[in-house]
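Examining the three-dimensional arrangement
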Amino acid sequence: MKKLLLLTAVALSIHTTAQDVVSGSILDAENREALPFATIGFKEYSIGTISNSNGDFVMNVPKELENVPVVVSFLGYTTIELSLNQLRNQKEILLEPSIMHLDELVIRPLSPTDYIKIAVEKFKDNYPSQPFQTEAYYREKFSENGNFVNLIEGFFKSYYPKYLDTVENQHQLVLYRTADDLKDIAFMERWVEKRQVKEIKKAEKKGEEYDEINPSEEIREGFGGPENILTMDLSRQDEECLDSTMFKKFDYSFGDGLTHQGREILVINFETKRAVEHTKQKGKIYIDILSDAIMGLEYSGEVVIPIAIRPILLMIGLGIKNPVFEKKIIYQLVDDRWYPENFQWFVDLDMKKRHMFRSNEKSSFFVEQVFKVNQVSLVDPVEIPEEKRFDPDKPMIEQQHNEESKSWSDVN
């Protein structure tokens, strides 16, 4: 959250064509609205892709899976199966909502917090107990007033030693690319230039060297990057809404249940009574009834600027509207265990700089990051060599290791 109080930055959808691909759009059957980040994958294979923010997708088809049905799913909607021929001919895939009333679900006479406690106690039973590997797509977008300041795609190969242990996961950046013609951050540009001139003169007066910095580059490197989203899963982050010691700070209630890929899902709504750790939150916890596993968590809210900081911002003529954020964590079932599938977060932030003798400056920043696991491998996982492991403290562009000579047309 500290980074949210500085400035904020993610949806790059650059599709490449391959020799054998399928494409289409995922829509709500009732209102025909796009379903962003719906999952499209091969049945009983953890290989697939997701739709973009407009509901569109492009998916490579491995030759060995040509006759395998394709499963299309979106949390809260009925999952459907299609043959590849159907998918090729049916450019618009319509999904029906899968809402179930609470009395239709087979649940025990427990409170919402009881279900959460049981799910947390069963973490070791429901999540991977052995090492595994994944391949995943990463996307980052950072815009100011609609202009892209940063726009990145990456493809990661990852090794998870023991999912619920404190041992660090290992990631290798296989593919990386960024958009051309990115804009510099315009907010407070003149103020920054004046500060730089003063610092240069001060350094020259002392006979010291001065390394001129690019504020936009500093913000891109300091705020962006996949470090946060690589550790977003429940094994690496303490979510207040799942912490029994924090239950009294939230209101919990049962929501309408749903089915997801043929399984009944209990939905628990939650909302903070007041700001918790400087954030107000409202969201849903998705619990698989059969296994008592938390298979999904999503919430939105705003970051409340601490009262102690506001006078300081006022003194320097800087105004910040409470940043609005969204976060989603979704898991997939593979061999009776729940593995990472899709992590997302978004931030909207408005900033204003007041000036006495000229017009005030205003900027709206938008941040989006997506991490979609395209493939899970449980057989003979191999550790990432230390010299190829991704280091979040180093620039992404310097860490691409592609010994297999993969291209963007080879991956989803």
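This is a predicted model, so every value here is computed, not measured. (Residues numbered from 1 in each chain as written. Predicted model: local features only at pLDDT ≥ 70, side-chain atom pairs only at ≥ 80, totals over all residues. Heavy atoms only, no water.)

Turning to the packing of aromatic side chains, a few remarks are in order. This structure, assessed with the given rule, holds 18 aromatic pairs. The interplanar angle of 90° and the centroid separation of 6.0 Å between the aromatic rings of Tyr299 and Phe325 together place this pair among those described as edge-to-face. With Tyr299 in strand S16 (residues 293-303) and Phe325 in strand S18 (residues 324-334), this pair connects stretches of sequence that are 26 residues apart. Grouping residues by exposure puts Tyr299 and Phe325 together as buried. Members of the aromatic cluster, each reached through a chain of ring pairs, are Phe123, Tyr127, Tyr138, Phe156, Tyr331, Phe343, Phe371 and Phe390. (Phe/Tyr/Trp six-rings, centres within 6.5 Å; stacked < 30°, edge-to-face > 60°. Helix = DSSP H or I, 4+ residues; strand = E, 2+ residues; numbered from the N terminus. Buried < 20%, exposed > 50% of the residue type's maximum accessible area, 1.4 Å probe, protein only.)

On to the pattern of salt bridges. Applying the stated criterion across every chain yields a total of 14 salt bridges. When the shortest N-O distance is used, the salt bridge between Lys122 and Asp292 registers 3.0 Å. Here Asp292 lies in the loop between strand S15 (279-288) and S16 and Lys122 lies in the loop between helix H2 (112-121) and helix H3 (123-126), a separation of 170 residues in the sequence. Residue Lys122 is classed as partly exposed on the basis of its relative accessible area, which comes to 29%. Judged by its relative accessible area of 6%, Asp292 is buried. Among the salt bridges present, the one from Lys327 reaches Glu239, with a minimum N-O distance of 2.7 Å. Placement of the pair is Lys327 in strand S18 and Glu239 in the loop between helix H6 (227-230) and strand S12 (250-254), with a sequence separation of 88 residues. Accessibility classification places Lys327 together with Glu239 in one group, the buried group. Among the ionic contacts, a cluster of salt bridges with common partners joins Lys157, Lys388, Glu403 and Glu404. (Salt bridge = Lys/Arg side-chain N within 4 Å of Asp/Glu carboxyl O.)

The backbone of Asp181 sits at a positive phi, close to 55°, despite the residue not being glycine. Its location among the elements puts Asp181 in the loop between strand S11 (170-178) and helix H4 (189-205). Asp181 gets classed as exposed once you look at its relative accessible area, which sits at 72%. With phi around 55°, Gln261 is a residue other than glycine that occupies positive phi space.

Looking now at the environment of Lys124. Along the chain, the position of Lys124 falls in helix H3. Of the residues examined, Lys124 reaches a relative accessible area of 66% and is grouped as exposed.

Below, the discussion takes up the sheet that holds strand S7 (residues 92-95). Read from one edge of the open sheet, 3 strands run S4-S1-S7, paired in mixed fashion. With one partner strand each, in any of the chains shown, strand S4 (56-60) and S7 form the two edges of the open sheet. For this sheet the average axis-to-axis angle between neighbouring strands, irrespective of direction, equals 35°. The pairing of strand S1 (residues 21-28) with S7 spans 4 bridges and is parallel. Across the sheet, Asp28 pairs through a bridge with Leu95, a residue of S7. (Pairing = 2+ DSSP bridges. Axes fitted to C-alpha atoms, helices over the stretch in contact; angles between N-to-C directions.)

This paragraph deals with the sheet that holds strand S2 (residues 39-42). If you trace the 4 strands from one edge of the open sheet to the other, you get S3-S2-S5-S6, paired in antiparallel fashion. Each of the sheet's edge strands pairs with one partner strand only, and the pair in question is strand S3 (48-50) and strand S6 (80-82). Pairwise comparison of adjacent strand axes, ignoring direction, gives a mean angle of 20° for this sheet. Relative to S6, strand S5 (residues 70-73) runs antiparallel, the two sharing 3 bridges. The residue of S6 that forms the bridge with Val71 is Glu81.

All right, on to the nonpolar core then. Grouped together as the largest cluster of nonpolar side chains are 58 residues, with contacts concentrated most on Leu234, Tyr252, Ile285, Ile294 and Phe371. Considering each element in turn, this core owes the most residues, 6 residues, to S16. Not counting chain neighbours up to four residues away, the residues in contact with Phe371 comprise Ala136, Tyr137, Tyr138, Phe156, Tyr160, Ile229, Leu230, Glu341, Asn342 and Phe343. Listed in part, the 21 residues of the second largest apolar core include Ile26, Val61, Val72 and Ile93. (Core = buried A, V, L, I, M, F, W, Y, C linked by side-chain atoms within 4.5 Å. Contact = heavy atoms within 4.5 Å.)

Burial in H2 covers these residues: Pro112, Thr113, Tyr115, Ile116 and Ala119. Axial view of H2: buried residues confined to an arc of 155°, hence all on one face. Against H3, S12, strand S14 (263-272), S15 and S16 lie the buried residues of H2. (Arc of directions from axis to C-beta.)

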